[in-house]
Amino acid sequence: MASNEPIDSSGADLASATIRLEEAVRSGDLELLKAAVASVALSEDLALVLLKRAELPAEILEQLSKRPAGKHRKVQLALVAHPKTPRYVSMAIVRQMFTFDLMQAALMPIVPADVKKSAEEALLHRLEKLTLGERLTLAKRASGRVAGELLLDSEGRVSQTALDNARLTEAHIVKALTGAKARASLVHAICTHSKWPLRRDIRIALLRNEKLPLTYAMEYALGLPAKTVREILQASRLPAHVKQRVLDAING
């Protein structure tokens with residue numbers, strides 16, 4: 001194919017134009033690549049073929065992000081994940097992405113850490129506007145950071161689902177318990193969970209939470225050294241009468 005032949009020539013049949021575009025997106029010639037990306041005939045599938053090339057110049061990636069083909073959801077994800085996409089281009093795409101595409105971007109290993117963080121923050125800002133079904137899906141499948149925020153959801157099913165998220169860590173749970181927004185239902189869900197109340201740091205965080213029932217406070221305190229419990233209680237928000245019962249038990 002001659003490099004000066006236009007990709008979209010008037011009078012050319014569709015099959016011929018498609019063949020020339022397919023050749024162009026695989027070309028090593030910068031001008032042909034520019035012409036392919038600028039073509040109104042560039043489809044989502046061909047854009048995805050193009051984005052499989054790790055050596056693409058940044059200017060081609062930026063140009064694609066501004067074209068109609070670059071607005072497709074799969075293409076946007078591929079652009080964000082491409083190693084040569086400029087950060088300012090990736091950040092602009094993140095602001096336009098759908099909720100579950102943001103979730104995917106935040107989980108893709110190839111996506112740079114700062115872009116992942118922006119995707120997570122975009123998700124966190126949307127949480128209050130999402131439907132229950134969307135929040136449940138995020139609680140189950142999103143990153144640990146997002147799941148940790150969903151522990152504080154007003155709907156108990158969401159926080160319960162977040163506790164089973166494979167990416168959730170002790171640190172996320174401790175953070176939720178330490179804040180002022182932790183609900184009694186979350187404290188109960190953690191206490192009755194098969195996994196989390198077995199962790200020492202979580203038991204300590206629970207003993208500092210004012211919503212912890214006396215029964216569990218006694219159980220967790222008796223499983224820790226008395227000196228440690230006294231130190232915990234000094235900074236604990238537990239009611240005074242609960243603290244006293246716990247102190248009596250460990251001093252007994």
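What counts as what
- Residues numbered from 1 in each chain as written.
- Predicted model: local features only at pLDDT ≥ 70, side-chain atom pairs only at ≥ 80, totals over all residues.
- Heavy atoms only, no water.
- Buried < 20%, exposed > 50% of the residue type's maximum accessible area, 1.4 Å probe, protein only.
- Helix = DSSP H or I, 4+ residues; strand = E, 2+ residues; numbered from the N terminus.
- Arc of directions from axis to C-beta.
- Contact = heavy atoms within 4.5 Å.
- 1 Å grid on protein atoms, 1.4 Å probe; cavity = no way out; pocket = protein on both sides within 12 Å on 5 of 7 lines; lining within 4 Å.
- Points joined across faces, edges and corners; volume = space filled by probe spheres on them.
- Nonpolar A, V, L, I, M, F, W, Y, C, P; charged D, E, K, R; others polar.
- Axes fitted to C-alpha atoms, helices over the stretch in contact; angles between N-to-C directions.
- Parallel < 35°, antiparallel > 145°, perpendicular 65-115°, else oblique.
- Left-handed = near helix turned anticlockwise from the far one by under 90°.
- Phe/Tyr/Trp six-rings, centres within 6.5 Å; stacked < 30°, edge-to-face > 60°.
- Lys NZ or Arg CZ within 6 Å of the ring centre and 35° of its normal.
- Salt bridge = Lys/Arg side-chain N within 4 Å of Asp/Glu carboxyl O.

Enquirer: Quick question: what am I supposed to make of helix H15 (residues 214-222) here?
Expert: Working note: α-helix, 3.6 residues per turn, so residues spaced by three or four point in the same direction. Taken together, the buried positions of H15 are occupied by Ala 217, Tyr 220 and Ala 221. Burial along H15 is one-sided: seen end-on, the buried residues are contained in an arc of 100°. More than 90 degrees from the buried face of H15, the exposed residues found are Thr 215 and Leu 222. Turning to H15, the residues buried within the fold contact helix H13 (184-191), helix H14 (200-207), helix H16 (226-234) and helix H17 (240-251).

Enquirer: What's the story with the layout of surface pockets in this structure? I'm lost.
Expert: Regions of empty space are outlined by a rolling probe, equal in size to a water molecule, passed over the atoms. There is about 350 Å³ of room inside the largest pocket. Residue lining of the largest pocket: Leu 124, His 125, Leu 127, Glu 128, Arg 135, Glu 149, Leu 150, Leu 152, Asp 153, Ser 154, Lys 181 and Arg 183, and that is the complete set. The residue inventory of the lining of the largest pocket, partitioned by class, reads four nonpolar, two polar and six charged. In this structure, the second largest pocket encloses a volume near 190 Å³. Leu 124, Arg 145, Gly 148, Glu 149, Leu 152, His 172, Lys 175, Ala 176, Gly 179 and Lys 181 are the residues that line the second largest pocket. Mapped by element, the contributors of at least two residues to the lining of the second largest pocket are helix H10 (144-150) and helix H12 (170-178).

Enquirer: Before we go on, may I ask you to explain H14 in this structure?
Expert: The buried fraction of H14 amounts to six of the eight residues, a majority that puts the element mostly inside the structure. Among the residues of H14, those classed as buried are Ile 202, Arg 203, Ile 204, Ala 205, Leu 206 and Leu 207. At its buried positions, H14 is contacted by H12, H13, H15 and H16.

Enquirer: Just checking my understanding: could you explain the packing of helix H6 (residues 87-94) against helix H8 (residues 113-126) for this structure?
Expert: Angle between the axes and distance between the axes are the two parameters that describe a pair of packed helices. Their axes nearest at 10 Å, the elements H6 and H8 cross at an angle of 20°. Classified by the angle between their axes, H6 and H8 sit roughly parallel to one another. By crossing handedness, the relation of H6 to H8 is classed as right-handed. On the side of H6, the interface is formed by Arg 87, Ser 90, Met 91 and Val 94, while H8 contributes Asp 114, Val 115, Ser 118, Ala 119, Ala 122 and Arg 126. Here the residues of the contact of H6 with H8 are counted per class, giving five nonpolar, two polar and three charged.

Enquirer: What should I look at first to understand the side chain of His 193 in this one?
Expert: Position of His 193 among the secondary structure elements: in the loop between H13 and H14. Take His 193: its relative accessible area is 11%, and that puts it in the buried class.

Enquirer: Sorry if this is basic, but what is going on with the packing of aromatic side chains here?
Expert: For any two aromatic rings, the description comes down to two numbers: the centre-to-centre distance and the angle of the planes. Under the counting rule described, the total for this entry stands at one aromatic pair. The positively charged end of Arg 73 is found above the aromatic ring belonging to Phe 98, 4.6 Å away from the centroid.

Enquirer: What is the right way to look at the environment of Ile 232 in this model?
Expert: Within the secondary structure, Ile 232 is located in helix H16. Under the relative-accessibility criterion, Ile 232 is labelled buried at 3%. Residues Ile 232 and Arg 26 lie 206 residues apart in sequence; the distance between their C-alpha atoms is 63 Å. Ignoring sequence-local partners within four residues, the contact set of Ile 232 consists of Ile 204, Leu 207, Arg 208 and Leu 224.

Enquirer: I would appreciate a short explanation of the pattern of salt bridges in the present structure.
Expert: Opposite charge on two side chains permits pairing when their charged atoms draw close. Scanning the model with the defined rule gives 14 salt bridges in all. Close ionic contact of Lys 34 with Glu 59 constitutes a salt bridge, the shortest N to O distance being 3.3 Å. One end of the pair, Lys 34, is in helix H2 (residues 30-38); the other, Glu 59, is in helix H4 (residues 58-65), with 25 residues separating them in the sequence. On the accessibility criterion, Glu 59 (42% relative accessible area) is partly exposed. Residues Arg 135 and Asp 153 are paired through a salt bridge, measuring 2.6 Å at the closest nitrogen-oxygen approach. Separated by 18 residues along the polypeptide, Arg 135 in helix H9 (residues 132-141) and Asp 153 in the loop between H10 and helix H11 (156-163) bring together distant segments of the chain.

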